[in-house]
Amino acid sequence: MRDREGASMTPAPTDRLWVRYLPSFLRKRFEDRHVFQEAVENSGWLFADKILRMGVGLLVGVWVARYLGPALFGQISYAGSLIGMVGAVAGLGLDSIVIRELVHRPDKCGEILGTTFILKFFAGIMSYFFVVGLVFVLRPDDTIAHAIVAILGWSLTVNALDVIDFWFQSKVLSKYVVIARNFGFIVSAIGRVILILAKTSVVSFAVMNLVELSLGAIALLYVYSLKNGSVRKWRVRLSIATNLLRTGWPVLLAGIISMVGLRIDQVILGQLADSKEVGIYAAAVRVAEVWFFIPSAVIASVFPSIIRAKEVDEAEFYNRLQKLYNVLAFVGYAVAVPVTFLAGIIIHLLYGKAYATAAPMLVILIWSDLFINLAMARGTFLLAMNWTWILFWVNVASAVVNIALNFFLIPKYGGVGAAAASCISYWISAHAICYVFKPLRRNGSMITHSLLLPKFW
């Protein structure tokens, strides 16, 4: 809005309070860069959330793994992998698309959220019955696996409330999501400790996992009601549903393939080996995945600004994308190099002698994190360009390679073979395949640059 003389009446954005307390050399770089400040603050909340989960979650998770032992820990990991793969279907591939729509059309917020919730809820119900039937087919005589999947599977419907998270992400207000979800996390962490002390069965830990998700969803619903009104304002619109599903189909298929590639190793390992080998491999995976919070937090904070840059300035769009690649490559190396040399010590300190053979698996898996980081960053480019079908074929190629390598390597090398299959397939998905698709060749060069010259911003 402007006054009669043409001067803007909209208040100019001000620097964040925390910027004033930075050292002078940093303050000069942050001052008047309000989008960057917003992203840094949002990332800070997400980092705080993940660091808390990394510390408390890893501590309690390791305690649970030690208490259950490799075989029973393998049971719950196998069930979680099955549900994770089916969960890609329940999500309908709408996450980033809905965030993009909320950024572009804030006036349609209630209709977008209401429609997305209904779509994800009913997809979750159908996915639940599918995964319960699937575990009966794969492991007809494993009653423990049946019970765990039947309990954890309800998370597929609870996750429909993630639409609230999408709204907060579109506003770059992740701190409220952090506060809400950590309520459920802390309560469930205390609950798991009680279960260990009470020496309960493995099924009770599946119940506690579901409790965590449910409490987090309820808290998220409460925070949303405080910040943006009641969910009673949500509306379901057939036109929006049709548009979301039409746009989301390629992302859905890509998400299914991506999740299959991410979790199929534990499922194949469980079918070709045994639950003990799955438990040992899952221990290595847990340590390798602890660091995923870093790329997730960074991407969640900068994705809206990358979308906006594309609409305004192509040069700035690619500049921001290159910076994202640089940061995530730097983070990948910063984690992979020390873990490579300390893997044996880490596994011994965390899990004990029973999981000692997880060390070489961890060495391989930690390098796959580098390529996962870059693949996630490249995914923001494809979504910003709305090239969702390319994303689908990229994930198909990665999954096919991963599955083929798993069937070839697991019978010979067990969990180490599964880790090698994952690492190779992630490199192909993130980097090598960029030179196959012509629209991605510029990204391939950008990723090569970030791998050779990684730097923090």
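Since we're looking at a predicted model, the values are computed, not measured.

K.L.:
Just checking my understanding: could you explain unusual backbone geometry for this structure?
P.N.:
Only a minority of non-glycine residues have a phi that is not negative, and only a minority of peptide bonds are not trans. Residues other than glycine seldom take positive phi values, yet Lys199 does so here, at roughly 55 degrees. Along the chain, the position of Lys199 falls in the loop between α8 (174-197) and α9 (202-228). Classification of Lys199 by relative accessible area gives exposed; the value is 69%.

K.L.:
I keep staring at the side chain of Ser127 and nothing clicks. Help me out?
P.N.:
Mapped onto the elements, Ser127 comes out in helix α4 (residues 109-138). Here Ser127 falls in the buried class, since its relative accessible area comes to 4%. In this structure, Ser127 is in contact with Val86, Val89, Ala90 and Leu156, ignoring residues within four places of it in sequence.

K.L.:
Quick question: what am I supposed to make of the packing of aromatic side chains here?
P.N.:
Remark: the centre distance and the inter-plane angle together describe each pair of aromatic rings, the angle taken between the planes. Taken as a whole, this structure holds 11 aromatic pairs when the rule is applied. Between Phe317 and Phe381, the ring centres sit 6.1 Å apart and the planes meet at 25 degrees, which makes this aromatic pair stacked. Residue Phe317 is found in helix α13 (residues 314-351), and its partner Phe381 is found in helix α14 (residues 358-385); the two are separated by 64 residues along the sequence. Each member of the pair Phe317 and Phe381 is classed as buried.

K.L.:
I tried to follow the confidence of the model for the protein chain on my own but got confused; where do I start?
P.N.:
The predicted structure's coordinates, where accompanied by low pLDDT, should not be read in detail. The predicted model of the protein chain has a mean per-residue pLDDT of 77, with 82% of residues at 70 or higher. This model gives residues 1-23 a pLDDT under 50, and the stretch forms 30 contacts once residues within four places in sequence are excluded.

K.L.:
When you look at helix α11 (residues 275-289) in this model, what are you seeing that I'm missing?
P.N.:
Given 3.6 residues per turn, any residue in an α-helix points the same way as the ones three and four places further on. In this model α11 runs 20 Å from its N-terminal to its C-terminal C-alpha over 15 residues, within 8% of the 21 Å that 1.5 Å per residue would give. Taken across its 15 residues, α11 has 11 buried, putting it largely inside the fold. Along α11, the residues that are buried comprise Ser275, Val278, Gly279, Ile280, Tyr281, Ala282, Ala283, Ala284, Val285, Val287 and Ala288.

K.L.:
How do you make sense of the nonpolar core when you look at a structure like this?
P.N.:
Within soluble globular proteins, side chains that are nonpolar tend to cluster in buried spots. Counting 65 residues, the largest nonpolar core has Leu102, Leu113, Ile164, Phe168, Tyr224 and Leu324 as its most contacted members. Among the elements that line this core, the one with the most residues is α14, at nine residues. Membership of the second largest hydrophobic core comes to 59 residues, among which are Ile83, Ala90, Val131 and Ala283.

K.L.:
How should the pattern of salt bridges be read in this particular structure?
P.N.:
Between side chains of opposite charge, a pair can form as their charged atoms come close. Taken as a whole, this structure holds two salt bridges when the rule is applied. With a shortest N-O distance of 3.1 Å, Asp142 and Arg139 are connected by a salt bridge. Assessed through its relative accessible area of 14%, Asp142 is described here as buried. Across the pair Arg192 and Glu212 runs a salt bridge, and its minimum N-O distance is 3.0 Å. Of the two residues, Arg192 sits in helix α8 while Glu212 sits in helix α9, which places them 20 residues apart along the sequence. As far as the burial class goes, Arg192 and Glu212 line up, both buried.

The rules behind each value
Residues numbered from 1 in each chain as written. Predicted model: local features only at pLDDT ≥ 70, side-chain atom pairs only at ≥ 80, totals over all residues. Heavy atoms only, no water. Helix = DSSP H or I, 4+ residues; strand = E, 2+ residues; numbered from the N terminus. Buried < 20%, exposed > 50% of the residue type's maximum accessible area, 1.4 Å probe, protein only. Contact = heavy atoms within 4.5 Å. Phe/Tyr/Trp six-rings, centres within 6.5 Å; stacked < 30°, edge-to-face > 60°. pLDDT = per-residue confidence, 0-100. Expected span 1.5 Å × (residues − 1). Core = buried A, V, L, I, M, F, W, Y, C linked by side-chain atoms within 4.5 Å. Salt bridge = Lys/Arg side-chain N within 4 Å of Asp/Glu carboxyl O.

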